[in-house]
Number of protein chains: 2
Amino acid sequence: MVRESEVRAGEVVVEAPPPDDAGLVFIGCIHTPWTSRLMTPRQGRVDGPVCRIEIFEPWVPALRGIDQYERLEVLYWLHLSRRDLVLQSPKLRTPVRPNPIGTSMVKLVGVEGANVMVQGLDCLDGTPLVDLKPDRCQFTPLAPPQPGDFEVKD
Amino acid sequence: MVRESEVRAGEVVVEAPPPDDAGLVFIGCIHTPWTSRLMTPRQGRVDGPVCRIEIFEPWVPALRGIDQYERLEVLYWLHLSRRDLVLQSPKLRTPVRPNPIGTSMVKLVGVEGANVMVQGLDCLDGTPLVDLKPDRCQFTPLAPPQPGDFEVKD
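Remember, predicted model here, so these are calculated numbers, not experimental data.

How each quantity is defined
- Residues numbered from 1 in each chain as written.
- Chains lettered and ligands numbered in written order.
- Predicted model: local features only at pLDDT ≥ 70, side-chain atom pairs only at ≥ 80, totals over all residues.
- Heavy atoms only, no water.
- Helix = DSSP H or I, 4+ residues; strand = E, 2+ residues; numbered from the N terminus.
- Buried < 20%, exposed > 50% of the residue type's maximum accessible area, 1.4 Å probe, protein only.
- Phe/Tyr/Trp six-rings, centres within 6.5 Å; stacked < 30°, edge-to-face > 60°.
- Contact = heavy atoms within 4.5 Å.
- Buried area = accessible area lost by both parts, 1.4 Å probe.
- Salt bridge = Lys/Arg side-chain N within 4 Å of Asp/Glu carboxyl O.
- Polar contact = N/O pair within 3.5 Å; in protein donor to acceptor, adjacent residues only side chain to side chain.
- Nonpolar A, V, L, I, M, F, W, Y, C, P; charged D, E, K, R; others polar.

Draft legend 1. Broad picture of the environment of Arg82(B). All names here are of chain B. If you trace the backbone, Arg82 turns up in the loop between strand S5 (71-77) and strand S6 (85-87). Owing to a relative accessible area of 26%, Arg82 belongs among the partly exposed residues under this scheme. Counting along the chain gives 75 residues from Arg82 to Val7, while the straight-line C-alpha distance between them is 9.7 Å.

And the structure:
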């Protein structure tokens, strides 16, 4: 089993363009029990360990109102991943991608100051946080409707 | 109703750190019927218009095998959004965020060369593509299990 950054059979490395089309700012840090990629779950589970998402300033006030959601979508930066594989083994939902952004749906356990406690993550301890959104399934826009909301296929 | 880049009542602008913690490469371009933010749906619907996700080289070979999935997760760059609001109105799942990455779950209609046809998007025509993954609900890792897969809360 090969799990670190080597290229595996069936994988193809490309000359990747420089990743400078847009820039990210890390808005927090994710604390989990997993310190090796060989130990992390491949998919989080909502009955998994409680993990702590630490939010950095100046973004902490953005947590206001987040406790009204049971589930959150977490976007994070898979900082240890290589970015130049175009064909992968064994599957497409891997940390190795041109833009190594991971997404998880997690269960909100609670908010403690600048920390959001959740279950359902599958990333390494120290993973940089990119975004935190309400789960789209639970989200109903409060704003007035607009035309595209009702547009369907011809 | 205010929908472009002005600051609304209840919103707070912060001095945002420079977005240079990580860089993105745009791997494609999303073609939709919507050319104004005032017309786009706030949430995509799977019976919505068929949209075309164009993949750029050198990433086209990565589409191999994608047609085995009915649903895909699409990550895109909300290129017209401001990034410096910390408190927002009326809700948290808005395009205005420190890292303006949108995510949608879409229904795969078909793959035509370098183009992936889907239903369920809610973004503007010309939105840059950041990532395309199999829907996590449909994804079962093929790799052998590892310890974290079975870890639950104490």
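Having seen the structure, we can now continue with the description.
Draft legend 2. The arrangement of the packing of aromatic side chains in detail. All names here are of chain A. Here the structure, examined in full by the defined rule, presents one aromatic pair over all chains. Between Phe26 and Trp77 the ring centres are 6.5 Å apart and the planes differ by 40°, which places this aromatic pair in the tilted class. Residue Phe26 is located in the loop between strand S2 (22-24) and strand S3 (28-31), and its partner Trp77 is located in strand S5 (residues 71-77); the two are separated by 51 residues in the primary sequence. With a relative accessible area of 18%, Phe26 lands in the buried category. In this structure Trp77 comes out as buried when scored by relative accessible area, which is 7%.

Draft legend 3. Here's a closer look at the interface of chain B and chain A. Between chain B and chain A, the contact holds 81 residues from the first and 81 residues from the second. When the two sides are added together, the surface that chain B and chain A hide from each other amounts to roughly 7300 Å², 58% of it contributed by carbon and sulfur. Applying the counting criterion to the chain B and chain A interface returns zero salt bridges. Our count for the contact surface shared by chain B and chain A stands at 20 residue pairs in polar contact (both at pLDDT 80 or more). Counting only elements with at least two residues in the side of chain B that touches chain A, the list comes to strand S2 (22-24), S5, S6, strand S7 (101-112) and strand S9 (127-134) of chain B. Per-class residue counts for the side of chain B that touches chain A are 46 nonpolar, 14 polar and 21 charged.

In short, the description is geometric, and any link to function would need to be established separately.
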